[in-house]
Amino acid sequence: MVSKRVVDYIVDQLVAQGVTHLFGVDGANIEDLYDAAHFGAVTAVLAKHEFGAATMADGFSRATSTLGVDAATSGGGSLNLVAGLGESFASRVPVLALVGQPPSAMDGCGSFQDTSGVNGSLNAQALFSAASVYCRRVLSAADVASALSDAIAAALAGGPAVLLLPKDVQQSM
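In short, a report on the structure. Everything numeric in this text was worked out from a predicted model, so none of it was measured.

## Some remarks on the side chain of asparagine 29
Stage number 1. Position of asparagine 29 relative to the elements: it lies in the loop between strand S1 (21-24) and helix H2 (31-39).
Stage number 2. Residue classification places asparagine 29 among the buried residues on the basis of a relative accessible area of 9%.
Stage number 3. Ignoring sequence-local partners within four residues, the contact set of asparagine 29 consists of Thr73, Ser74, Gly100, Gln101, Pro102, Pro103, Gln113, Leu165, Lys167 and Gln170.

Here it is, written out as structure tokens:
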């Protein structure tokens, strides 16, 4: 059995769902997903702003009747997805948002763009839960398969789903 990174697994599962495009803005805490998309069978489309990426994924889903996927890095970049996801939520459009997070060992330690909700930092899970039908912060590689499956199922049932992916989890085997 060949070992692969979590991000490679995610891209493989997206391809198995028929996903052909990923819309987003690259950044330090989501760059591994973009690498996996580049070497996988998903076309990564760079947006100028995360709101644009969210609305592109929404529009792509509406136009193709498939799952729209967007991605953003942590902090302010991820927060820019909220308005676009809000429209997907209101219209029940199937969109999956993959949101990078700083390494989990840095949660609550004052790291740049910490949105873990620990030690007074902004709680991205609470924020995205208000604009999605499913939101989960993935804390280990072992949880990725079930979290991704649940998120895709929730999105396809109608509305955006969000996975918060710490960098160390994305890079795990």
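## Some points on H2
Stage number 1. Regarding H2, the residues found buried are Asp32, Leu33, Tyr34, Ala36 and Ala37.
Stage number 2. The inward-facing, buried residues of H2 contact helix H1 (6-16), S1, strand S2 (43-46), strand S3 (68-72), strand S4 (95-101) and helix H8 (167-171).

## Details of the nonpolar core
Stage number 1. By size, the foremost hydrophobic cluster in this structure holds 31 residues, and its most contacted members are Ile10, Leu33, Leu96, Leu98 and Leu163.
Stage number 2. Put simply, the parts of the chain that give this core at least two residues each are H1, H2, S3, S4, helix H7 (144-158) and strand S6 (161-166).
Stage number 3. The greatest single-element share of this core, amounting to 7 residues, is contributed by H7.
Stage number 4. The contact partners of leucine 98, leaving out residues within four places of it in the chain, are Ile10, Leu14, Ile30, Leu33, Val69, Asp70, Ala71, Ala72, Leu163 and Leu165.
Stage number 5. Core analysis: the second largest hydrophobic core is formed by 18 residues, Ala72, Leu81, Ala97 and Val99 among them.

## Regarding the side chain of aspartate 70
Stage number 1. Secondary-structure assignment places aspartate 70 in strand S3.
Stage number 2. The residues touching aspartate 70, leaving out its near neighbours within four places in the chain, are Leu22, Phe23, Ala53, Ala54, Ala57, Leu81, Leu85, Val95, Leu96, Ala97 and Leu98.

## Considering unusual backbone geometry
Stage number 1. The phi torsion at glutamine 113 lies on the positive side, around 65 degrees, for a residue other than glycine.
Stage number 2. For asparagine 119, which is not glycine, the phi torsion reads 60 degrees and is therefore positive.
Stage number 3. Relative to the helices and strands, asparagine 119 is located in the loop between S4 and helix H6 (124-129).

## A few points about the packing of H1 against H2
Two packed helices can be described by the angle between their axes and the distance between those axes.
Stage number 1. Packing of H1 against H2 brings their axes to within 9 Å, and their N-to-C directions diverge by 50 degrees. Relative to H2, H1 is oriented oblique. Crossing geometry of H1 relative to H2 is assigned as right-handed. Across the interface between the two elements, Val7, Asp8, Ile10 and Val11 from H1 touch Asp32, Leu33, Ala36 and Ala37 from H2.
Stage number 2. The residue makeup of the contact of H1 with H2, split by class, is 6 nonpolar, no polar and 2 charged.

Rules used in this analysis
- Residues numbered from 1 in each chain as written.
- Predicted model: local features only at pLDDT ≥ 70, side-chain atom pairs only at ≥ 80, totals over all residues.
- Heavy atoms only, no water.
- Helix = DSSP H or I, 4+ residues; strand = E, 2+ residues; numbered from the N terminus.
- Buried < 20%, exposed > 50% of the residue type's maximum accessible area, 1.4 Å probe, protein only.
- Contact = heavy atoms within 4.5 Å.
- Core = buried A, V, L, I, M, F, W, Y, C linked by side-chain atoms within 4.5 Å.
- Axes fitted to C-alpha atoms, helices over the stretch in contact; angles between N-to-C directions.
- Parallel < 35°, antiparallel > 145°, perpendicular 65-115°, else oblique.
- Left-handed = near helix turned anticlockwise from the far one by under 90°.
- Nonpolar A, V, L, I, M, F, W, Y, C, P; charged D, E, K, R; others polar.

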